[in-house]
Amino acid sequence: MIRVAICDDHQIVRAGFKQIFSAEDEFEVVAEAGSGREALDIARRESCDVLLLDIAMPDQSGIDILRTIRQGQPNLPVLILSGYPAQQYALNLFKMGANGYLNKECDADELKLAVRTVFQGRRYVSAQVGELLAQSFDRDPHTAPHTELSDREFQVFLRLAKGATVSDIGQALSLSIKTVSTYRTRVMEKMGMQSNSELTYYAMKSNLLD
């Protein structure tokens, strides 16, 4: 029996996933979360074998949730389920320790296969994500700049793009202003940009903002 937790802020989405798993004796949905805080509480209780996590949660992003989980529960399999196209987030989330990435439009059989895979301690890579990974190995010149950022740089980038100040980011991520400024400088250098407004424009054009 694979104990599954479903973390998504839409009740109808959780109900749909729950119905998929209830049709199989192999799975049991043991917990649900509609917010980031609830998702972290589930992870800390270690009440599930696999945690399904949406990127867009109301109180904090799935990116921040994943990082926190990896700090406290490094061995908990986390499968990201998102409505965003894989090229926008998948590579960065794998760098941060996600065990798999699926678009919410995947079929039921692929969802169950992904859960089985990460439960067994392996990473689930869909055909689309596999192609993105191959392109990253080949250093495709068309690779999106944000996929070259480290996990912490990516966190800082998203917050800067949303208009947060260095001070705001430091408080939210428990970092000093000096450290955040250093990350900001690295982000600018890696992405070849000069201002926060350029980061915001890039994030909007790439559909990275909620």
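Above this text is the structure in question.
All values reported here derive from a predicted model rather than from experimental measurement.

Draft legend 1. Molecular detail of the pairing of strand β2 (residues 27–33). Note that strand β1 (residues 2–7) and β2 share 6 bridges and pair parallel. Residue pairing for β2: alanine 5 is matched across the bridge by alanine 31. For the segment spanning β1, helix α1 (residues 11–22) and β2, crossover handedness is right-handed.

Draft legend 2. Representation of helix α9 (residues 177–191). With 15 residues, α9 ought to run about 21 Å at 1.5 Å a step, and its terminal C-alpha atoms sit 21 Å apart, in line with that. Buried within α9 are the following residues: Val180, Tyr183, Val187, Met188 and Met191. Each buried residue of α9 lies within a common arc of 140 degrees when the element is viewed along its axis, so the set occupies one face. When the buried face of α9 is taken as reference, the exposed residues oriented beyond 90 degrees from it are Lys178 and Glu189. Glycine 192, located one to two residues past α9, shows a positive phi value of around 65 degrees.

Draft legend 3. Inspection of helix α7 (residues 151–161) at higher detail. Counting buried positions along α7 yields 9 of 11 residues, so the element is predominantly enclosed. Every buried residue of α7 is listed here: Arg152, Glu153, Phe154, Gln155, Val156, Phe157, Leu158, Leu160 and Ala161. Positive backbone phi, approximately 95 degrees, marks glycine 163, located one or two places after α7.

Draft legend 4. Representation of the pattern of salt bridges within the structure. Considering all chains together, one arrives at 12 salt bridges under this definition. Measuring nitrogen to oxygen at the nearest pair gives 2.3 Å for the salt bridge that ties aspartate 64 to arginine 159. Taken together, the positions of aspartate 64 in helix α3 (residues 62–72) and arginine 159 in helix α7 put the pair 95 residues apart, joining distant regions of the chain. For aspartate 64, a relative accessible area of 9% gives the class buried. When its relative accessible area of 23% is taken as the criterion, arginine 159 is described as partly exposed. The residue lysine 190 makes a salt bridge to glutamate 153 at a minimum N-O spacing of 2.8 Å. Of the two residues, lysine 190 sits in helix α9 while glutamate 153 sits in helix α7, which places them 37 residues apart along the sequence.

Draft legend 5. Representation of the environment of threonine 182 within the structure. Locating threonine 182 in the fold gives a position in helix α9. Its relative accessible area of 36% is what places threonine 182 among the partly exposed residues. C-alpha separation for the pair threonine 182 and leucine 52, spaced 130 residues apart in sequence, amounts to 33 Å.

Draft legend 6. Main features of the state of the cysteines. This model, assessed by the stated rule, comprises 0 disulfides. The cysteine cysteine 106 is free of any disulfide, with cysteine 7 supplying the nearest cysteine sulfur at 16 Å.

Draft legend 7. How the structure looks around the packing of α7 against helix α10 (residues 196–205). Put simply, α7 and α10 touch, their axes get as near as 8 Å, and they point 95 degrees apart. Taken together, α7 and α10 sit at an angle that is classed as roughly perpendicular. Contacts between α7 and α10 pair Phe157, Leu160 and Ala161 from the former with Asn196, Leu199, Thr200, Tyr202 and Ala203 from the latter. Classifying every residue of the contact of α7 with α10 gives 6 nonpolar, 2 polar and no charged.

Criteria and cut-off values
- Residues numbered from 1 in each chain as written.
- Predicted model: local features only at pLDDT ≥ 70, side-chain atom pairs only at ≥ 80, totals over all residues.
- Heavy atoms only, no water.
- Pairing = 2+ DSSP bridges.
- Helix = DSSP H or I, 4+ residues; strand = E, 2+ residues; numbered from the N terminus.
- Right-handed = clockwise from strand over helix to strand, strands pointing away.
- Expected span 1.5 Å × (residues − 1).
- Buried < 20%, exposed > 50% of the residue type's maximum accessible area, 1.4 Å probe, protein only.
- Arc of directions from axis to C-beta.
- Salt bridge = Lys/Arg side-chain N within 4 Å of Asp/Glu carboxyl O.
- Disulfide = S-S within 2.5 Å.
- Axes fitted to C-alpha atoms, helices over the stretch in contact; angles between N-to-C directions.
- Parallel < 35°, antiparallel > 145°, perpendicular 65-115°, else oblique.
- Contact = heavy atoms within 4.5 Å.
- Nonpolar A, V, L, I, M, F, W, Y, C, P; charged D, E, K, R; others polar.

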